[in-house]
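The lines below spell out each chain.
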Amino acid sequence: MKKEMEKAIVIFSGGQDSTTCLIQAIQQYGIQNVAAVSFNYGQRHKIELEKAAWIAKDLGVEQIVLDTTLMNMITHNALMDDHEQIEKKADQNYPNTFVDGRNALFILLSAIYAKSHGIRHIITGVCETDFSGYPDCRDIFIKSMNVTLNLAMDYSFQLHTPLMYLTKAQTWALADKLDCLDYIKENTHTCYEGVEGGCGHCPSCRLRNKGYEEYLAGRGAQIR
Ligand code: ZN
């Protein structure tokens, strides 16, 4: 199913989801046709940038790192401020780790880069299932952004969200299908607290671990 001549760019944080997307893209488009773009926005889990660089190098894929630390000048949230407790207040739809405009900005910058390199396909691991209710992870936002980009740059971008309707367990299943389950488990970073190997307690760690256990339980049931 290799798409000859087509090129893709993957928005890549070094976490479980985007690494799964990156490996899938490499298999679909061919490694010479895939680039990864990562963002430094002053995230408290800075270790993810190091992991992302390591994984990109290990897979042999070109990585572009863009500095978006200017976000610190205009917004405040628990993902970027390590003095802030990560929490979800009862009167809010999503936890205080939500960063206003982050995905819109990342997709826009990726699209500008993509167009200047003759790339149409932009892949992001956002997912509206099993997640925290972030508005910019919803399919309707991605579709709207796709239309906006095409109009803004008079170019036929295609945004791809292969994980949009997968649960975390199904994302682990996809990794297994792509033959990279152990690779993702060992090498990716998801923890909001920035703890190497995961703190095990933050919402991101809990979701990741729960999905992994669900997938293994399901797989065990199939094997039996
Ligand atoms: Zn954690």
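If you're wondering where the values come from, they're calculated on a predicted model, not measured in any experiment.

(A) View of the packing of aromatic side chains. With the rule as written, the count across this model stands at four aromatic pairs. Ring centres 4.8 Å apart and planes at 70° place the aromatic pair W172 and Y212 in the edge-to-face group. A residue pair is termed long-range when its members are at least 10 positions apart, and W172 in helix α6 (residues 168-177) and Y212 in helix α8 (residues 203-223) qualify at 40 residues. Y212 gets classed as buried once you look at its relative accessible area, which sits at 16%. Clustering of aromatic rings is evident, with ring pairs tying together F39, Y41 and F106. For the cation-ring pair, K185 lies above Y212, with the distance from its terminal atom to the ring centre recorded as 4.9 Å.

(B) Main features of the nonpolar core. If you look at the biggest cluster of nonpolar residues, it comprises 32 residues, and the most contacted ones within it are I9, I107, I122, L149 and F157. Looking at this core, the elements with two or more residues in it are β1 (8-11), β2 (34-40), α4 (102-116) and α5 (139-153). Setting aside residues up to four positions removed in sequence, F157 forms contacts with A111, A114, K115, I119, R120, I122, N146, L149 and N150.

(C) Up close: the coordination of the zinc ion. On the protein side, the zinc ion has C191 (SG), C199 (SG), C202 (SG) and C205 (SG) as donor atoms, found 2.3 to 2.4 Å from it. For the zinc ion, the four donor atoms in the first shell make angles of 105 to 115° at the metal, so the coordination geometry reads as tetrahedral. Expressed as a motif, the donor residue spacing for the zinc ion is C-x7-C-x2-C-x2-C. Highlighted residues: C191 in the loop between α7 (181-187) and α8 and C205 in helix α8, separated in sequence by 14 residues.

(D) Seen up close, the pairing of β1. Residue alternation in β1 divides its side chains into two sets, A8 and V10 and I9 and I11, and both sets are buried. Pairing between β1 and β2: four bridges, direction parallel. Paired with V10 across the two strands is A36, which belongs to β2. As defined by bridge partners, β1 adjoins strand β4 (residues 121-123) across three bridges and the pair is classed as parallel. By the bridge assignment for β4, I9 is matched with I122.

Cut-off values and rules
- Residues numbered from 1 in each chain as written.
- Predicted model: local features only at pLDDT ≥ 70, side-chain atom pairs only at ≥ 80, totals over all residues.
- Heavy atoms only, no water.
- Phe/Tyr/Trp six-rings, centres within 6.5 Å; stacked < 30°, edge-to-face > 60°.
- Helix = DSSP H or I, 4+ residues; strand = E, 2+ residues; numbered from the N terminus.
- Buried < 20%, exposed > 50% of the residue type's maximum accessible area, 1.4 Å probe, protein only.
- Lys NZ or Arg CZ within 6 Å of the ring centre and 35° of its normal.
- Core = buried A, V, L, I, M, F, W, Y, C linked by side-chain atoms within 4.5 Å.
- Contact = heavy atoms within 4.5 Å.
- Donors = N, O, S within 2.8 Å, 3.2 Å for Na, K, Ca; no water.
- Tetrahedral: all angles 85-135°; square planar, octahedral: opposite > 155°, others 65-115°.
- Pairing = 2+ DSSP bridges.

Honestly, that's just the spatial picture; any functional story needs more than this.
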